[in-house]
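Here's the letter readout for the chains.
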Amino acid sequence: MIWKAPPLADMTEIAASDFRHAQRHIRLDTILRLRWLAVLGQLAAIFIVAQGLEFNVEIVPCVSIIALSAALNLALQTAANPMQRLEPMQAAGLLALNIVELAGLLYFTGGLQNPFSFLFLAPVLISATALPARFTFGLGVLAVACASVLFFFHLPLPWDSDDPLVLPPIYLVGVWLSIVLAIGVTSLYSFQVTEEARKLADALAATELVLTREQHLTQLDGLAAAAAHELGTPLATIFLISRELEKTVKDANFAADLKTLREQTQRCRDILSKITQLSSTGAPFDRMKLSELIEEVVAPHRDFGVEIKVRIAVAAVSEPVGSRNPAILYGVGNIVENAVDFAHTTVEVNAWWNKDTIELLISDDGPGIPPDILNRIGEPYLSRRRNTDDGGGEQRGLGLGVFIARTLLERTGAKVLFTNRIFPEHGAVVQITWPRQRFEAIESLEETIG
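Residues numbered from 1 in each chain as written. Predicted model: local features only at pLDDT ≥ 70, side-chain atom pairs only at ≥ 80, totals over all residues. Heavy atoms only, no water.

1. A short note on the packing of helix α4 (residues 88-108) against helix α5 (residues 121-130)
Note the threshold: To obtain an axis, a line is fitted to C-alpha atoms, over the contacting stretch when the element is a helix, and the angle between two such axes runs from 0 to 180 degrees between their N-to-C directions. Numbering of helices and strands runs from the N terminus; a helix is a DSSP stretch of H or I covering at least four residues, while a strand is a stretch of E covering at least two. Orientation categories follow fixed angle ranges, with anything under 35 degrees roughly parallel, anything over 145 roughly antiparallel, 65 to 115 roughly perpendicular, and all other angles oblique. Here a crossing is taken to be left-handed if its near helix is turned anticlockwise relative to the far helix by less than a right angle, and right-handed if that turn runs clockwise. Here, residues are in contact when the closest pair of their heavy atoms is within 4.5 Å. Amino acids are sorted into nonpolar (Ala, Val, Leu, Ile, Met, Phe, Trp, Tyr, Cys and Pro), charged (Asp, Glu, Lys and Arg) and polar (every other residue, Gly among them).
Their axes nearest at 9 Å, the elements α4 and α5 cross at an angle of 165 degrees. Considered as vectors, α4 and α5 are oriented roughly antiparallel to each other. By crossing handedness, the relation of α4 to α5 is classed as left-handed. Contacts from Leu95, Asn98 and Ile99 of α4 reach α5 at Pro123, Val124, Ile126 and Ser127. Classifying every residue of the contact of α4 with α5 by side-chain character gives five nonpolar, two polar and no charged.

What follows is the structure, encoded as structure tokens:
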């Protein structure tokens, strides 16, 4: 079984796509704070080395570079709103300038012999957490290029003139290599962690959209009842007046029109009466047995050429009865639809319960869940859709359907487990287990959301 999102989630898929592909931005204020921190740190380092350690430092060129950086910060703060969000290209340009400024300072203070040379990492890591990958790669290349130039061209490291420090070339090679590896490994790790967090946040936002949509649907019956109540009085008045006029009017044509008006008014009253009955609390379908829930979920998928076998185990205890919860209906419906979509001939839905536990087992005879994603099923943006347009191949999708379904089910207290059938059988198996007390206690979607 390979997973896709059901039609019910179309709205969510679109919204999630907008979330995921939205451009990333970083505030100017964030960059300026980092640049001011660098300015203060650089001035402090020069002061300590020159005054505290009394080493010979090229103060004039170093302070000139720092002054230019501070002047640029002041110009940006004056000319632009610090709270504005920069385009990725603009943010990358400022981070690139940080790298060049650091390279200039290191040139006058020993190159790679200077322990502060590892600060080349900072702009690249900031880019990895806030900017698209291509900008992070470009900044990483720039940092490595600057480090490579400093390996060959730099002024001596400020040190005691009576006991000069001479580092062997092999050590400098190791420093250069460690900077390159640190930039590559830490940037990749930071980017991966940030991307996973972003995916999860976007997918959770899409889940909240589904919950909100389902909640709005459950509130429609209350609105219908309110409308029926408000319209009942004027319709009753119209009905009474038309009936009285019908008795007094002698003209046959007017009498026929009044009769039609009275009949249609009565019809409206009957319709509103039915709406009020369906919307009242405690209606017959507000609570449903487990078997009824399964049938409601399975029914829409019986006409797709796949046989759906439903087996309800006979138990010594009474059948569980729970609220008609949209989160459960959506979550189980999503899994059943995926099973139907990728089954060859048969989907089985088995249910059993006892006094403590309720379990649903949904299985199919399809290809099963690919081993490379078996342990990742339920993560956001994990999808391999069957291409239905050309009859073959795979079509990548957002893959939020199973994530949303699993999230909704787990919010109702369920545990969801994805496995494959044991060889020689083939197909996917999804096990959904609730504590019986929690299943029967769920009253509304609001409780699910909470």
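After that view of the structure, there is still more to cover.
2. Focus: the nonpolar core
To be explicit about the condition: For the purposes of this section, nonpolar cores are sets of buried Ala, Val, Leu, Ile, Met, Phe, Trp, Tyr and Cys residues that join through side-chain atoms within 4.5 Å. Burial classes: relative accessible area under 20% of the type maximum marks a residue as buried, over 50% as exposed, and values in between as partly exposed (1.4 Å probe, protein chains only).
Ranked by size, the top nonpolar core spans 36 residues in total, and within it Val332, Val347, Ile362, Leu409, Ile432 and Trp434 carry the most contacts. For this core, the element with the most residues is helix α10 (residues 326-342), which contributes seven residues. Leu86, Val124, Phe135 and Val175 belong to the second largest nonpolar core, which has 30 residues in total.

3. Some points on the packing of α4 against helix α6 (residues 133-152)
For the pair α4 and α6, the least separation of the axes is 10 Å and the interaxial angle reads 10 degrees. Between α4 and α6, the angle is such that the two are roughly parallel. Here Pro88, Met89, Ala92, Leu95, Ala96, Ile99, Val100, Ala103, Leu106 and Tyr107 of α4 lie close against α6, whose contacting residues are Phe135, Leu139, Leu142, Ala143, Cys146 and Leu150. For the contact of α4 with α6, the class distribution of residues is 16 nonpolar, no polar and no charged.

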